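Here are the chains, one letter per residue:
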Amino acid sequence: MAALDHAAEKRVTVVSAPAGSGKTSLLRLWADRRRRDRRIVFLSVKPGQYDAQLFWLTLLGVIRGTEPPAPAPGYDGQAMVDKVLTELSASGEPTVLIIDDLHELTSSEANEQLAALLTSLPAEVHAVVATRRDPALRLHQLRLAGELAEIRAPQLRFTEDETRKLLTAAGIRLPDQVVTTLYERTEGWAAGLRLAVLSLTGHPQPERFVAEFSGSDRTVAEYLMAEMLDRQSSEVRRLLLRTALLDRVNGELADLLTGATGSERILLDLEDANAFVVSLDPARSWFRYHHLFGDLLRLELRRTAPGDVPDLHRIAARWSADHSDTADAIRHLQAAGDWTEAAQLLTDHALSLTLDGQAGTVAVLLRTFPARIGEDSPGLALVHAIADLDQLHLDQADAHLDVVRAYAATTPPGRQYRLRTAIASLDLLSARLRGNFEGVFEQVDALPSAASGQSTADVAISNDLRALSLLNLGVTEAWSLRLPESEKYLLEGATLARDIGRPYVEVACLAHLGFTATGHSFALARQYCENAIEEATHHGWDTEPVIAPAQATLAWILIRTGEFDHGEQWLNRARHATQAGAEPGIRLLIHLVTATLGAVRGRYDEALAELAAAGDLNARIAGNHALTPRITGLTIATHVRLGELDQARAALAAVDDQLAGTDEVRNATAVLRLAEHDPTGARDVLRPAAGGAPITLVEANLLDALACHDLGDESAAQAAVERALQLAEPDRLILPFAITGGRQLLEALPPHSTSHAALVSDILDAIHGNDHTVVPGPSEALSPSELRVLRYLPTNLTRPEIAGELSVSVNTVNTHIRHIYAKLGATDRSSAVQRGRDLRLLSTGVR
């Protein structure tokens, strides 16, 4: 209704949609509502209307409210158009002319005359024409003039919410997921939903009905046969039936299946005719059928030509294989009952499909085979291993790989190389998923070498293996905390994957890169993560497990820099992406980030639950994982902060000497000593800290400051805080201050005692909001927002660039800079920076 109301502002409205879209019902309801303020002229064109004179006489009779005038010799079309225009404007009142079922008007002469009428309508007349296909009316002038409104099938389809309301109005209550299923099956088609509602009313098993509802349902099939299939020519009918077994079809494949030519033109015409044919690409070269229409076509094909079905599938399989659509080729071979050929094709291409992000497709194809085929096709054990690894069923995967190893030894040399390469790739992945990091390096050393004079196919396999090896080496080095080596392998792997056309492997490499950079630059790590997420989104993988490492790492970076809410958003995305499972390293990272966020917000019980899950998972990993010290340290510290000192002592006592010597566990031990009122013991534990990750060193200095404060040495405490701020400044590290209780230390700083006033303001803002002001001396205090702008003045960023960094307008930045100059007594940017340093508001090392 709203669309028609809006369209009525134009001179002409065209409503074009398939049969059963509700065009006539909509127009009649809308017309009844508009009768209150205007005259309605409603004409439904009769089926098979091919006589121009009869059409115009009928329209004239409707306008007058009388029987149509009798036909007369010497018919003059233009004179008839003029007469209709005169009749429409005679009353002088606003009028809506509605012509329904215009597709039934087959007279080209009448269509030309109707176009002339529509482009010459009086100002008080609005016309609506409804049709199943775009009318043969030349209305381009109206379109260019902005006087043509067009309402098409997508606007007439029911939404999922409207589907639910329709069911409710009919007294039918269904679970949300069942409503979703019905909506997806009907694609919002009004007639399909109406027929479903009629069948559902009083049905004893409504959920089962919806699950089985299709175009082969008797009521739907009868409607589609009468309104669509029976109206087509034998040529079009043959094309529709013989291509119905395809999920999508183009002209070339349709020609092959029909043995004819010109199929693409037919498909284009069918789409233009709103005949339940939908183009899938901007070039309109690939098409699919409406779900219910496709169901009917397949039913009719089985009824009329069952013997043709297997051969049609074989033709489609050969075409798909020749055009590198392996998954479709396998599906068609399975449908044809050619199980052995399908099994060999899947065995040969399962790894390649997996490297293209189609592990789920491989699993579905595998489940389609009858059980006996596995005995006749031992190569399928390789496919079982791939499916097992995807589901993290590592023991089952190893057992299947043993079967393939034995089978590979019996195959010809060319096939043997391909199988051995696939086995090696999966052994490498299995070792990584087990956390057997030393095993990964051993597997890489044992990879089959490329033979001289390899075929093109074997070269491609060698490249795949190399790219996969670099990915696994990169991830393994990352989880072993050899970050520079990891970064090198992953960058090389991403480049190779891009060069050989493996975007999924490229995204997998990019997704792990962010973690490798966290050791030396949060800015670079964040850039890596955002680049990976952008690339994954481009391919439609932004909710897949492959991108979860980047999402989780980005969340970790944001939380470390005090953007807690923003970090939580990315953390939730990482959780969603890994709902169906993820490798242990990523799950550990997600548990750790979740626990850290909980600890920052004081939800220590939730943090401990996440850490316990991380601990259980960590215990099942064969090697020493890079996150183990941080998980252990945070567990001990969280017990302390919850007041559970005995549990903290027990957790510490269970730690071996190597782990106890890590910076993270030493910091946690210091937290425990401080809680035990042993500041000297805390300082003794912290004293060895010199190198390590900046975030750990910042935390160590803050803990040392707390210990010095407890010992009454405020000068040493202040010096430790200043060291922590100096270390935190480059990456704007805020997390250690939030999690250690650093707020009290910062608020206790004497005026003008720190050269990091802007960072202090950021930290206090992140912890408790924008209610802290740092006084820069005898002049008026700078606000936190002004301090943040001041922090960017020593850089080379322009004012618009500073505005972009702070997510504010340029006008806001200009206002803050004016206030900064006034309060600091500066006349320009250079003098403001110098004055800020003199007052210790800026560090001399700020970039």
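Residues numbered from 1 in each chain as written. Predicted model: local features only at pLDDT ≥ 70, side-chain atom pairs only at ≥ 80, totals over all residues. Heavy atoms only, no water.

Take the overall build of the chain next. Within the chain one finds 47 helices and eight strands. Dimensions of the chain, computed from C-alpha atoms along their principal axes, come out at roughly 115 × 80 × 60 Å. For the chain, the residues scored as buried account for 52% of the 847 residues in total. For the chain, the share of sequence-separated contacts (at least 6 apart) that also reach a separation of at least 24 residues comes to 65%. Averaging the positions of the 81 positive and the 110 negative side-chain charges in the chain gives two centres separated by 4 Å. (Helix = DSSP H or I, 4+ residues; strand = E, 2+ residues; numbered from the N terminus. Buried < 20%, exposed > 50% of the residue type's maximum accessible area, 1.4 Å probe, protein only. Contact = heavy atoms within 4.5 Å. Lys, Arg positive; Asp, Glu negative; His and termini not counted. Charge placed at Lys NZ, Arg CZ, Asp CG, Glu CD.)

Take the pattern of salt bridges next. Summed over the entire model, instances satisfying the criterion amount to 57 salt bridges. Across the salt bridge formed by Glu87 and Arg64, the nearest N and O atoms sit 3.1 Å from each other. Taken as a pair, Glu87 in helix α4 (residues 77-90) and Arg64 in helix α3 (residues 52-64) lie far apart in primary sequence, 23 residues in all. Looking at Glu87, the relative accessible area reads 24%, which means it is partly exposed. The salt bridge involving Asp464 is made with Arg502; its shortest N-O contact spans 2.8 Å. In this pair, Asp464 is assigned in helix α26 (residues 456-479) and Arg502 in the loop between α27 (483-499) and α28 (503-517), connecting sequence segments 38 residues apart. For the pair Asp464 and Arg502, one class covers both residues: buried. (Salt bridge = Lys/Arg side-chain N within 4 Å of Asp/Glu carboxyl O.)

Before going further, it helps to spend a moment on the sheet that holds strand β6 (residues 249-250). Across the sheet, three strands lie side by side as β6-β8-β7; this open sheet has antiparallel pairing. The sheet is open, and its two borders are formed by β6 and β7 (277-279), each paired with just one other strand. Examined bridge by bridge, β7 and strand β8 (residues 286-289) share three bridges and lie antiparallel to one another. Counted as the bridge partner of Ser279 is Phe287 from β8. (Pairing = 2+ DSSP bridges.)

It is worth spelling out the packing of aromatic side chains at this point. One pass over the structure, following the stated rule, counts 10 aromatic pairs. Between Phe209 and Phe213 the ring centres are 5.4 Å apart and the planes differ by 40°, which places this aromatic pair in the tilted class. Here the aromatic rings of Tyr504 and Trp541 are separated by 4.9 Å at their centres, their planes lie at 85°, and the arrangement is edge-to-face. Of this pair, Tyr504 sits in helix α28 while Trp541 sits in the loop between α29 (522-538) and α30 (548-560), and the two are 37 residues apart along the sequence. An identical accessibility class is assigned to Tyr504 and Trp541; each is buried. Geometry around Phe42 places Arg28 over its ring, the cationic atom sitting 4.2 Å from the centre. In this structure, Lys488 is placed above the aromatic ring of Tyr489, and the distance from its NZ or CZ to the ring centre is 4.2 Å. (Phe/Tyr/Trp six-rings, centres within 6.5 Å; stacked < 30°, edge-to-face > 60°. Lys NZ or Arg CZ within 6 Å of the ring centre and 35° of its normal.)

Here we take up the packing of helix α13 (residues 234-242) against helix α15 (residues 263-272). Orientation of α13 relative to α15, taken along the N-to-C sense of each, is 95°, at an axis distance of 11 Å. Between α13 and α15, the interaxial angle falls into the category roughly perpendicular. Residue-level inspection shows Glu235, Val236, Leu239 and Leu240 of α13 in contact with α15, the latter providing Ser263, Ile266, Leu267 and Leu270. Its residues placed into classes, the contact of α13 with α15 shows six nonpolar, one polar and one charged. (Axes fitted to C-alpha atoms, helices over the stretch in contact; angles between N-to-C directions. Parallel < 35°, antiparallel > 145°, perpendicular 65-115°, else oblique. Nonpolar A, V, L, I, M, F, W, Y, C, P; charged D, E, K, R; others polar.)

Taken across its six residues, strand β2 (residues 39-44) has five buried, putting it largely inside the fold. Bridging between β2 and strand β3 (residues 95-100) involves six bridges; their strand directions are parallel. Bridged to Ser44 within β3 is Asp100.

Okay, the pairing of strand β4 (residues 125-131) next. Across the seven residues that make up β4, a large majority, seven, are buried. Judged from the five bridges that link them, strand β1 (residues 12-16) and β4 form a sheet pairing that is parallel. Note on β4: the bridge partner recorded for Ser16 is Thr131. Note that β3 and β4 share five bridges and pair parallel. Bridging across to β4, Thr95 finds its partner in Val125.

A positive phi angle, near 60°, is found at Asp101, a position not held by glycine. By the element assignment, Asp101 lies in the loop between β3 and α5 (108-118). Its relative accessible area of 22% is what places Asp101 among the partly exposed residues. Positive phi, close to 55°, is recorded for Glu187, a residue that is not glycine. Position of Glu187 among the secondary structure elements: in the loop between α9 (176-186) and α10 (190-200).

Turning to the sheet that holds β4, a few remarks are in order. Read across the sheet, five strands follow the order β2-β3-β4-β1-β5 without closing on themselves; strand pairing throughout is parallel. The strands lining the two open edges of the sheet, one partner per strand, are β2 and β5 (148-152). If you compare each strand with its neighbour and ignore which way they point, the axes differ by 15° on average.

Moving on, we get to the state of the cysteines. Applying the stated criterion to the full structure yields zero disulfides. Distance from the sulfur of Cys509, which forms no disulfide, to the nearest cysteine sulfur (Cys529) is 14 Å. Cys509 sits in the buried class, given a relative accessible area of 0%. (Disulfide = S-S within 2.5 Å.)

A word on the nonpolar core. The tendency in soluble globular proteins is for nonpolar side chains to be buried side by side. Within the largest apolar cluster, 146 residues are counted, with the highest numbers of intra-cluster contacts made by Leu346, Ile547, Phe737 and Leu746. Apart from the residues within four sequence positions on either side, Ile547 is in contact with Val507, Ala511, Ala532, Ile533, Ala536, Trp541 and Asp542. Counting residues in hydrophobic clusters, the runner-up holds 55 residues, among them Leu167, Leu174, Val236 and Leu270. (Core = buried A, V, L, I, M, F, W, Y, C linked by side-chain atoms within 4.5 Å.)

Another aspect to go through is α15. Those residues of α15 that sit buried are Ser263, Ile266, Leu267, Leu268, Leu270 and Glu271. Turning to α15, the residues buried within the fold contact α13, β6, α14 (251-258), β7 and β8. Immediately beyond the C-terminal end of α15, within one or two residues, lies Asn274, with a positive phi of roughly 55°.

Moving on, we come to the environment of Leu195. For Leu195, the location among the structural elements is in helix α10. Judged by its relative accessible area of 16%, Leu195 falls in the buried class. Through-space distance from the C-alpha of Leu195 to that of Asp217 is 9.6 Å; in sequence the pair is 22 residues apart. Not counting residues up to four positions away in its chain, the partners in contact with Leu195 are Thr219, Val220 and Tyr223.

Moving on, we get to the environment of Ser462. Note on placement: Ser462 falls in helix α26. Here the alpha-carbon distance between Ser462 and Ala422, two residues 40 residues apart in the chain, equals 9.9 Å.

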